[in-house]
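Working through the structure, step by step
As a plain string of letters, each chain reads:
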Amino acid sequence: MAALPVLALLLLLAWGGPRAAGQKRKEMVLSEKVNQLMEWASKRSVIRMNGDKFRRLVKAPPRNYSVIVMFTALQPHRQCVVCKQADEEYQILANSWRYSSAFTNKIFFAMVDFDEGSDVFQMLNMNSAPTFINFPAKGKPKRGDTYELQVRGFAAEQLARWVADRTDVNIRVIRPPNYAGPLMLGLLLAVIGGLVYLRGSNLDFLYNKTGWAFAALCFVLAMTSGQMWNHIRGPPYAHKNPHTGQVNYIHGSSQAQFVAETHIVLLFNGGVTLGMVLLHEAATSDMDVGKRKIMCIAGIGLVVLFFSWLLSVFRSKYHGYPYRYVFS
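Let me begin by describing the structure that accompanies this report. (Residues numbered from 1 in each chain as written. Predicted model: local features only at pLDDT ≥ 70, side-chain atom pairs only at ≥ 80, totals over all residues. Heavy atoms only, no water.)

Once that is clear, we can look at the packing of aromatic side chains. This structure, assessed with the given rule, holds 14 aromatic pairs. Here the aromatic rings of F71 and F135 are separated by 6.4 Å at their centres, their planes lie at 65°, and the arrangement is edge-to-face. Taken together, the residues F71 in strand β2 (residues 66-72) and F135 in strand β4 (residues 131-135) connect sequence positions 64 residues apart. By the burial criterion, F71 is buried, and F135 matches it. The rings of F54, F71, F114, F121 and F135 are connected pair by pair, giving a single aromatic cluster. The side chain of K53 reaches across the aromatic face of W40, ending 4.6 Å from its centre. Above the plane of the ring of F103 lies R98, whose end atom (NZ or CZ) is 4.9 Å from the centre. (Phe/Tyr/Trp six-rings, centres within 6.5 Å; stacked < 30°, edge-to-face > 60°. Helix = DSSP H or I, 4+ residues; strand = E, 2+ residues; numbered from the N terminus. Buried < 20%, exposed > 50% of the residue type's maximum accessible area, 1.4 Å probe, protein only. Lys NZ or Arg CZ within 6 Å of the ring centre and 35° of its normal.)

Below, the structure is given as structure tokens:
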């Protein structure tokens, strides 16, 4: 009977020994991974990875850290303009985290370029770039761990909100100083000041209704075309299909838009506005009848043409809309 406790102790030691050794080995591997990532992060905020590094540091366990990975195609021969724009915002986000006082080894930012890790793209069945995926510390990425680029845009602030939602790490985005705005404002004030100084005895130009109307019209066209949305969301200029090479300038969803799309809408709105102005002038001006007829026909043509194109853009974004004007 006395031998039973001794036997139980021997069995416990025999079972616990390998488990303890395995746990220690696991901790050593994890420590090596974290130290390696911290060393790379100290040199570059966004860690560039190939297939081997990705499988070892991101896919393979153990891992107690999250990795935000940008899958992209930055080589010039890929001609991915959106990739370059998204990379600039991604670098801003990673730098904001790297040089933050809250920086820890809880999360890392990495990048896999197609020309350096095409096997990773194949492994993940990925056929578009850029794409952002969060690889959480525990488990596999879920649906929400893939960033909705077409809906949310690639602005660093939007990426930071998504990172906070997926990892509970709040990053305060700090952008490099941009002096373009203050310089343009200073130039505008200098021009206005120069005009006032040169024409100090005659300030009638300040009461010019046509000038003020033109400035107000430019502002309205810019706002109605979606320029403020672009400033807030930071969408790509256009989208190029990596398989067919086709470039889309109009986003196919009513919940998002491209920068090129706002320029197109601004042009169409301007065309409709110009047509209405010509119709008004044809009806109210003192010109001879022949010129007024020409203005009237031109005005009607501009309104019909550009309004039809506007309606076509609307139909392409709101699928199933049954009405059209001239063009389908």
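Picking up after the structure, the text goes on.
Right, let's talk about the sheet that holds strand β3 (residues 107-113) for a bit. Reading across the sheet, the 4 strands line up as β1-β3-β2-β4 and stay open at both edges, with mixed pairing between neighbours. Bordering the open sheet on either side are β1 (46-48) and β4, each of which pairs with just one other strand. For this sheet the average axis-to-axis angle between neighbouring strands, irrespective of direction, equals 30°. Summarising the sheet, β1 and β3 pair through 3 bridges and their orientation is parallel. Paired with V46 across the two strands is F109, which belongs to β3. Packed on one face of the sheet, helix α6 (residues 156-167) meets β2, β3 and β4 and runs near 25° to β4. (Pairing = 2+ DSSP bridges. Axes fitted to C-alpha atoms, helices over the stretch in contact; angles between N-to-C directions. Contact = heavy atoms within 4.5 Å.)

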